[in-house]
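Residues per chain are reported as follows:
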Amino acid sequence: RRRRRLQPRRHGQRPRPRGERDVERPAPPFQHGRASAAGDATAINRAFSDFTGLSTAAAGGSGWHSVVSPESLEPLLAALAARRDFRLQIVLQRAAGGAGQAWVDVSARWLPVAERYLAQLHDVSAVRMAEAGAREQARQFRLVADNVPALIAAFDARDNRCQFANAGYARTFGLTEQSIL
């Protein structure tokens, strides 16, 4: 008499009879797909479809090219044709009702046996907007600091290197702002 091997259960789950499978699995939080070296999509997931508004059928083949910005499409297709792993940031059009364009980080692995890529896409728009905001704040700070009649300098506590000096500080010591840094 054979003993049935029991599968470990998570708290609150009922045991599943042999052969029962989940019909609908939740979509992963990231977009992913498969594509050939020629740039033809062979599969996309629901997250990509929801993000771009393209149905799975419409995104197949080269249909997904329509949601990639023209300035991003050429480098992306060149990276695909190289048949090597790559990482690239591109601009995608969001689905109707979305916030226009989005910066997406593409990580693709070439599978030589299957002659195709497996790729993951992550929306990095928030990071890009935060970086642009920080650059703008730094520009505004420099504008204010250079136009006040005070000496302003900021030094790194670890190595006592000057990170920032305004024009008044530099003039006082007979230096240029760049030579202080």
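In what follows, the accompanying structure is described.

Thresholds, definitions, all that
Residues numbered from 1 in each chain as written. Predicted model: local features only at pLDDT ≥ 70, side-chain atom pairs only at ≥ 80, totals over all residues. Heavy atoms only, no water. Pairing = 2+ DSSP bridges. Helix = DSSP H or I, 4+ residues; strand = E, 2+ residues; numbered from the N terminus. Axes fitted to C-alpha atoms, helices over the stretch in contact; angles between N-to-C directions. Contact = heavy atoms within 4.5 Å. Salt bridge = Lys/Arg side-chain N within 4 Å of Asp/Glu carboxyl O. Buried < 20%, exposed > 50% of the residue type's maximum accessible area, 1.4 Å probe, protein only.

Some remarks on the sheet that holds strand E2 (residues 41–44)
Okay, so step 1: Taken together, five strands build an open sheet; the order of strands is E2-E1-E5-E4-E3 and the sheet is antiparallel. Among the strands making up the open sheet, the edge pair consists of E2 and strand E3 (86–93). Ignoring strand direction, the axes of neighbouring strands in this sheet form an average angle of 30 degrees.
Okay, so step 2: Pairing of strand E1 (residues 31–35) with strand E5 (residues 116–123), which is carried by five bridges, proceeds in the antiparallel orientation. Counted as the bridge partner of Gly33 is Ala119 from E5.
Okay, so step 3: Contacts between helix H3 (residues 70–81) and the sheet are confined to E3 and E5, with E3 contributing the most and set at about 145 degrees to the helix.

A look at the pattern of salt bridges
Okay, so step 1: Using the criterion set out here, one finds six salt bridges in the structure.
Okay, so step 2: In this structure, the salt-bridge partner of Arg83 is Glu115, at a minimum N-O distance of 2.6 Å. One end of the pair, Arg83, is in the loop between H3 and E3; the other, Glu115, is in the loop between strand E4 (101–111) and E5, and 32 residues separate them in sequence.
Okay, so step 3: Residue classification places Glu115 among the partly exposed residues on the basis of a relative accessible area of 44%.
Okay, so step 4: Across the pair Arg139 and Glu136 runs a salt bridge, and its minimum N-O distance is 2.6 Å. With Arg139 and Glu136 both in helix H4 (residues 125–146) and three residues apart, the pair spans about one turn of that helix.
Okay, so step 5: You can call Arg139 partly exposed: its relative accessible area is 46%.

Remarks on the pairing of E1
Okay, so step 1: Alternating positions in E1 separate cleanly, Gln31, Gly33 and Ala35 being buried on one face and His32 and Arg34 remaining unburied on the opposite face.
Okay, so step 2: When E1 meets E2, the two strands line up antiparallel, connected through three bridges. Bridge assignment links Arg34 to a residue of E2, and that residue is Ala43.
Okay, so step 3: With antiparallel pairing between neighbouring strands as the criterion, E1 and E2 make up a hairpin whose turn holds five residues, including Gly39 at a positive phi of roughly 95 degrees.

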